Amino acid sequence: MRIYNTLTGKKEEFVPINPGKVGMYVCGITAYDVCHLGHARSAIVFDAIKRYFRYRGFEVKHVRNITDIDDKIIARAQKENVTTEDIAKKYTDEYSIDMARLGVSKADVEPKATEYIAGMIDVINGLIAKGYAYSANGDVYFRVSRFSEYGKLSKRTLDEMMAGARVEVDEKKENPMDFALWKASKPGEPWWESPWGKGRPGWHIECTAMSTKHLGESFDIHGGGADLIFPHHENEIAQTEAFTGKPFVKYWLHNGFITVDKEKMSKSLGNFFTIKEILDKYDPEIVRYFLLSTHYRSPIEFSDAQLKEAEAAIDRYYTTVLRIEDAIQNTEHRAQSTEQKITEDFGKLISTLKEKFMDAMNDDFNTALALGHIFELIRETNKFLDSKPSGDKAKTLLANVKEALKEVGGVLNIFNRTPDEWYRSLMKIRNIGLSEQDILNKIAQRQEARQKKDWALADNVRKELDALGIILEDKKDSTRWKVRIS
RNA sequence: GGCGGCGUACCCAAGUGGCAAGGGAGAGGUCUGCAAAACCUUUAUCCAGCGGUUCGAAUCCGCUCGCCGCCUCCA
């Protein structure tokens, strides 16, 4: 497996620190507001990465933190006149709901910053003892000039950072680039007792305390959005390596942004869509597919048109599954079968899918390419179905292809429902004012008309349903309904 | 100002040295009572532009243009 490492700026062969095991820490959220699609991207991308590692037999320990104490949480709590715990709890719960709806698996450990204050204080004490940090009026700062490798992740030097500096000069800091490990609490703010007085942790220190606690002082993968490279991850490296004297993380992975009109989707620009808003209009599988159809490091432009395309692609998959199922049912048991050559070729294609899928994923988790391979096989499957396959051999192959598609789709956590479930979900989201039974009644009515060759009546039923977004597909001796994709 | 990234068909998108995946949209066809789905053909002699390296480049190097990101909280 080759993985792009932000630290080295290159794709590198993945060699875990402990053979067969992967320690993985991904920055979660600060619980001060509902999540938008950008948060979904990070979560989904790293969820797919984790699933792929497991698929390949690695034992993965995944840690995803929740920041439940921070300036923004305090500000929000004050504004709403509630406690910071209330705010953090509310948005942590919202986050969990969003993630569950998106099909993002839970991390093995989901630590909250406030539960690790003691550990953070230990680290800060250690840093002060080693001369990497200093206290000033109840604050504690990391002395960046002491850490010679500061800037190695974000690829810039202290001098360069100072040059373009938009940093506020703070009297208490020795150097404007020094960052807070501990902040003295102001009146009315939550606080914890510490050697430096009542205060609360700075943002970066929690990740050091929690990641090393659960994954050890050195671990394999640390991920997050590209906007965390600086200062967050840079600072994590500085404080952790200064403290432990060991390399912190072997592979740093960062996902690209979601853009709207080419601009980064962000809170401050106000050009964001919340996960809830999106899921009101689109099935979660569509969102996952959309986010995985572009390589995780590239920017991805958000638009309705894009989501509709994703919807069409998924529908193509489920439509093919329907065809496969119909064919399996209608294929009679017979040793004698379709042309040898056709079945042989098709059998080969099925067996290469997993290989191609893994090749794609092995190359820095190229989910877009992997999806391409899946759709190539879908086309070939449809072609095979068009050849009107018959016999036991063909039947087996069709069962195999269905299984293979499901297996690789499962790694990305897509294509994991039945076509019926897919259409029911679409029907629900679109608020089509019909029950499934209503539709079946209409189909029966139309079927009767068709038997009498009353084409006008039959077509009217079709039109009626079409107006509601339901389309009918006539098979040999049955009719199936689907939700129209457009 | 510093650092980094991107620019592939009508749209999305993979491809980082050897004849340009995949999806959507369009056109024509096969199939169908009509449809839909599916399949077939078709849409980039070419990968922002210019120059260079090479037997050979979308892929490497240089320059130009355009877009974006980080340098402040940010997935």
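Calculation rules
- Residues numbered from 1 in each chain as written.
- Chains lettered and ligands numbered in written order.
- Predicted model: local features only at pLDDT ≥ 70, side-chain atom pairs only at ≥ 80, totals over all residues.
- Heavy atoms only, no water.
- Salt bridge = Lys/Arg side-chain N within 4 Å of Asp/Glu carboxyl O.
- Helix = DSSP H or I, 4+ residues; strand = E, 2+ residues; numbered from the N terminus.
- Buried < 20%, exposed > 50% of the residue type's maximum accessible area, 1.4 Å probe, protein only.
- Polar contact = N/O pair within 3.5 Å; in protein donor to acceptor, adjacent residues only side chain to side chain.
- Pairing = 2+ DSSP bridges.
- Right-handed = clockwise from strand over helix to strand, strands pointing away.
- Axes fitted to C-alpha atoms, helices over the stretch in contact; angles between N-to-C directions.
- Disulfide = S-S within 2.5 Å.
- Contact = heavy atoms within 4.5 Å.
- 1 Å grid on protein atoms, 1.4 Å probe; cavity = no way out; pocket = protein on both sides within 12 Å on 5 of 7 lines; lining within 4 Å.
- Points joined across faces, edges and corners; volume = space filled by probe spheres on them.
- Nonpolar A, V, L, I, M, F, W, Y, C, P; charged D, E, K, R; others polar.

*Asks:* It is not clear to me how the pattern of salt bridges should be interpreted in this structure. Could you clarify?
*Replies:* Counted according to the given criterion, the structure contains 44 salt bridges. We note a salt bridge from Arg417 to Asp283, for which the minimum N-O separation is 2.7 Å. With a gap of 134 residues between them, Arg417 in the loop between helix H13 (392–411) and helix H14 (419–429) and Asp283 in the loop between helix H8 (275–281) and helix H9 (284–292) connect regions that are remote in the sequence. The salt bridge involving Arg462 is made with Asp474; its shortest N-O contact spans 3.5 Å. Of this pair, Arg462 sits in helix H16 (residues 455–467) while Asp474 sits in strand E14 (residues 470–474), and the two are 12 residues apart along the sequence. For Arg462, a relative accessible area of 30% puts it in the partly exposed group. The exposure class assigned to Asp474 is partly exposed, which follows from its relative accessible area of 31%.

*Asks:* How should I be thinking about H9 in this particular structure?
*Replies:* Helical periodicity: at 3.6 residues per turn, an α-helix aligns residues three or four positions apart in one direction. Counting buried residues along H9, eight of its nine residues qualify, which places the element largely inside the surrounding structure. Among the residues of H9, those classed as buried are Glu285, Ile286, Val287, Arg288, Tyr289, Phe290, Leu291 and Leu292. Between the side-chain oxygen at the start of H9 and the backbone nitrogen of Glu285 there is a gap of 2.8 Å, and the oxygen is on Asp283.

*Asks:* Got a minute to help me understand the pairing of strand E9 (residues 219–225) in this structure?
*Replies:* When a strand is regular, its side chains alternate between the sheet's two faces. E9 sits mainly inside the fold: seven of its seven residues count as buried. For strand E3 (residues 21–30) and E9, the ladder comprises three bridges, and the chain directions are parallel. Bridge pairing in E9 links Tyr25 to His222. Examined bridge by bridge, E9 and strand E10 (residues 249–255) share six bridges and lie parallel to one another. Following the sheet pairing, His222 is matched in E10 by Trp252. Tracing the backbone out of E9, into helix H7 (residues 229–244) and back to the parallel element E10 gives a crossover that is right-handed.

*Asks:* Even after reading the chapter, I still don't get the sheet that holds strand E12 (residues 263–264), so can you show me in this structure?
*Replies:* By way of backbone hydrogen bonds, the strands of a sheet pair with one another, either parallel or antiparallel. With mixed pairing, three strands are arranged side by side in an open sheet as E12-E11-E13. Strands at the two margins of the open sheet, each flanked by one partner only, are E12 and strand E13 (300–301). Direction of pairing for strand E11 (residues 258–260) relative to E12: antiparallel, over a ladder of two bridges. Residue Thr259 lies in a different strand from E12, and its bridge partner there is Lys264.

*Asks:* Teacher, can you tell me more about the sheet that holds E10 here?
*Replies:* A sheet is described by the order of its strands in space; here four strands give the open sequence E4-E3-E9-E10, paired in parallel fashion. Only two strands of the sheet have a single neighbouring strand rather than two, namely strand E4 (59–67) and E10. Strand after strand, the sheet turns through a mean of 20° between neighbouring axes, direction not considered.

*Asks:* Would you mind showing me how to read the state of the cysteines here?
*Replies:* Among covalent bonds in proteins, the disulfide is the one between the sulfur atoms of two cysteines. Across all of its chains, the model carries zero disulfides by this definition. Its sulfur unpaired, Cys35 is 14 Å from the next cysteine sulfur, which belongs to Cys27.

*Asks:* Is there a simple way to explain the environment of Phe46 in this structure?
*Replies:* With respect to the secondary-structure elements, Phe46 resides in helix H1 (residues 37–55). Sequence spacing of Phe46 and Ile97 is 51 residues, and the spatial spacing of their C-alpha atoms is 18 Å. With near-sequence residues (within four places) excluded, Phe46 lies in contact with Met24, Val26, Gly223, Gly224, Leu253 and Asn255.

*Asks:* Which parts of the structure should I look at to understand empty space enclosed by the protein?
*Replies:* One water molecule sets the probe size; rolling that probe over the atoms shows where empty space is left. Applying the stated criterion to the full structure yields one cavity of 30 Å³ or more. There is about 60 Å³ of room inside the largest cavity. As for the largest cavity, its lining consists of Val45, Ala48, Ile49, Leu291, Leu292, Thr294, His295, Tyr296, Phe365 and Thr367. Of all the secondary-structure elements, those providing two or more residues to the lining of the largest cavity are H1 and H9. Tallying contributions element by element places H1 first for the lining of the largest cavity, with three residues. Counted by class, the lining of the largest cavity contains seven nonpolar, three polar and no charged residues.

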